[in-house]
Amino acid sequence: MNQPIDRRGFTASMAVLAVAAATFLSGCGKVPDTIKIGVAQPLSGPLGALGQDLLNGVNLAVEELNKGAYTVDGKRVTLEVVAVDDKADAATGKAVAQQLVDAGVVAVIGHLNSGVSIETAPIYAAKGIAQIAISTNPKFTQLGLPTTFRMVANDNLQARAIGSFAATQLGAARYAALDDGTPYGKGLADGAAEQLKAEKKEVLIRKSFDDKTVAFDELAAELKAAKVEVIVSTLNDFQALALLEALRKIDYTKISLLGGDTIKTTDMTKAMGMVEGVYATSPVLEAKEFSTGKPFLEKYVAAYKKPPAYGGHYSYDSMYVLSAAIQKAKSADPKEITKAMSSINGYAPVIGTMTWDAKGEQRYGAVGVYELRAGTWELRMRSDRW
């Protein structure tokens, strides 16, 4: 026998079902099928190899995560890399940063150059988009933005490393400090000179040049006249080689050179035997220095047919930590991801862990000191407490 329909009860039941369905659908819609990750690096020009290396690290991690059935809040998601070329130029960087924002990326791994990172940071911050940069200038995280995160130690620690190593390990009393006139180079050299003075060492010559100068005969004569024993320098590798050649011409080679990242290059191996010692410092430690670096290097070489040029393992690790932050946020909302980044202690497959302080500084960033020996750079020491 047919029962009469209680229309009021039926209507109420349908309303409950409608609300439940809407809640379910909105929950599914919260996480899209594809999540876009921005990568902004110099992919052309003199720094193109370094920028491409950083992009390669992200691509390698994304490929692995996608193959591993990456999920967010229980939903299978595809990660997509949106890469742009900032040309190591601040104006171009700002333009491509806006392109990434307009493309709907949830976070950005970039940039390489401090000047570009500093200029682009407000663009990302306006949309709450986390920016993970390998740039080392302290100003990047001093902007007061919640979206700035640094992969490695900053220039303050590197400056202390340069000054401390030069003062305590090279057995000298008379120093010169030189820079290439860039914000990076000048700031780093100033910090190193201050550390030397704090160590009661005498900085007899303090000079800035532009980043193209290679005529150093006059400077070489000054260094000889002042009997300088150690040069701390942020000149580029080709400039440092020109300076050492000028010193050799006047037979003043009983001197050591300690530089920053810009001389820790393959080309700098030409300096072997030109002076008593050549050293470099870097906050970008090599993958081979980590116990888990070998598997990464094998995968990288298999994928790209060449070893990393710079910091591909840091961008690879950054992508893994970012992927964990997205999972922690259970959302593709950039602001929620940024919040998760601020509190995460993320597993980094190569370097071990990445975690940030309130400003976005890497808590366990370290600086290594390398010596040029037998045509290769060999690690002398490293510390996160210089």
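The rules behind these values
Residues numbered from 1 in each chain as written. Predicted model: local features only at pLDDT ≥ 70, side-chain atom pairs only at ≥ 80, totals over all residues. Heavy atoms only, no water. Helix = DSSP H or I, 4+ residues; strand = E, 2+ residues; numbered from the N terminus. Buried < 20%, exposed > 50% of the residue type's maximum accessible area, 1.4 Å probe, protein only. Areas by Shrake-Rupley, 256 points an atom, 1.4 Å probe, with all protein chains shown as cover. Lys, Arg positive; Asp, Glu negative; His and termini not counted. Charge placed at Lys NZ, Arg CZ, Asp CG, Glu CD. Polar contact = N/O pair within 3.5 Å; in protein donor to acceptor, adjacent residues only side chain to side chain. Contact = heavy atoms within 4.5 Å. Salt bridge = Lys/Arg side-chain N within 4 Å of Asp/Glu carboxyl O. Pairing = 2+ DSSP bridges. Axes fitted to C-alpha atoms, helices over the stretch in contact; angles between N-to-C directions. Right-handed = clockwise from strand over helix to strand, strands pointing away. Left-handed = near helix turned anticlockwise from the far one by under 90°. Nonpolar A, V, L, I, M, F, W, Y, C, P; charged D, E, K, R; others polar.

Points about the overall build of the protein
Argument step 1. Looking only at helices and strands, the protein features eleven helices and 16 strands.
Argument step 2. Overall, the C-alpha framework of the protein stretches about 115 × 40 × 35 Å when taken along its three principal axes.
Argument step 3. Put simply, the protein has 386 residues, and 52% of those count as buried.
Argument step 4. Element-wise, carbon and sulfur atoms account for 54% of the exposed surface of the protein, whose accessible area totals about 17,300 Å².
Argument step 5. Side chains of the protein carry 43 positive and 42 negative charges; the gap between the two charge centres is 5 Å.

Section: the side chain of Glu371
Argument step 1. Within the fold, Glu371 resides in strand β15 (residues 367-373).
Argument step 2. Judged by relative accessible area, Glu371 falls into the buried class, the value being 11%.
Argument step 3. Of note is the side chain of Glu371, whose polar atom sits 3.0 Å from the side chain of Arg380.
Argument step 4. The residues contacting Glu371, other than those within four sequence positions of it, are Val278, Tyr279, Thr376, Trp377, Glu378 and Arg380.

Overview of the pattern of salt bridges
Argument step 1. Applying the stated criterion to the full structure yields 22 salt bridges.
Argument step 2. One salt bridge connects Arg206 with Asp190, and the closest N-O pair in it is separated by 2.7 Å. Here Arg206, found in strand β9 (residues 202-208), pairs with Asp190, found in helix α6 (residues 183-198); they are 16 residues apart in sequence, far enough to count as distant.
Argument step 3. For Arg206, a relative accessible area of 29% gives the class partly exposed.
Argument step 4. With a closest N to O distance of 3.3 Å, Glu289 and Arg382 form a salt bridge. Linking Glu289 in the loop between β12 (277-282) and α9 (293-304) with Arg382 in strand β16 (residues 376-383), this pair joins segments that are 93 residues apart in sequence.
Argument step 5. Each member of the salt-bridge network shares a partner with another, and the members are Asp179, Lys186, Asp190 and Arg206.

Thoughts on the sheet that holds strand β4 (residues 78-85)
Argument step 1. Strand order in the open sheet formed by five strands is β4-β1-β5-β6-β7, and the pairing between neighbours is parallel. The sheet is open, and its two edges are formed by β4 and β7 (148-150), each paired on a single side. Looking at each pair of strands side by side, their axes are set apart by 25° on average, direction ignored.
Argument step 2. Both strand β1 (residues 34-41) and β4 contribute to a ladder of eight bridges, which runs parallel.

Observations regarding the pairing of strand β11 (residues 256-259)
Argument step 1. Residues of β11 alternate between two faces, with Ser256 and Leu258 on one and Leu257 and Gly259 on the opposite face, all of them buried.
Argument step 2. In terms of strand pairing, strand β10 (residues 230-233) meets β11 through four bridges, oriented parallel. Its bridge partner lying in β11, Ile231 is registered against Leu257.
Argument step 3. Crossover handedness for the path β10 to helix α8 (residues 237-249) to β11: right-handed.

Overview of the packing of helix α3 (residues 90-103) against helix α4 (residues 114-125)
Argument step 1. Running from amino to carboxyl end, α3 crosses α4 at an angle of 35°, the nearest separation of the two axes being 9 Å. Judged by the twist between their axes, the crossing of α3 over α4 is right-handed. Touching Ala90, Gly93, Lys94, Ala97, Gln98, Leu100 and Val101 of α3 are Gly115, Val116, Glu119, Thr120, Ile123 and Tyr124, all from α4.
Argument step 2. In terms of residue class, the contact of α3 with α4 is made up of seven nonpolar, four polar and two charged.

Regarding unusual backbone geometry
Argument step 1. Residue Gly110 is joined to His111 through a cis peptide bond whose omega torsion reads 20°.
Argument step 2. With respect to the helices, strands and loops of the structure, His111 is situated in the loop between β5 (107-109) and α4.
Argument step 3. The phi dihedral of Asp73 is positive, around 55°, even though this residue is not glycine.
Argument step 4. Inspection of the secondary structure assignment puts Asp73 in the loop between β2 (71-72) and β3 (75-76).
Argument step 5. Assessed through its relative accessible area of 42%, Asp73 is described here as partly exposed.
Argument step 6. The residue Ala374 is not glycine, and still its phi comes out positive at about 50°.
Argument step 7. Along the polypeptide, Ala374 turns up in the loop between β15 and β16.

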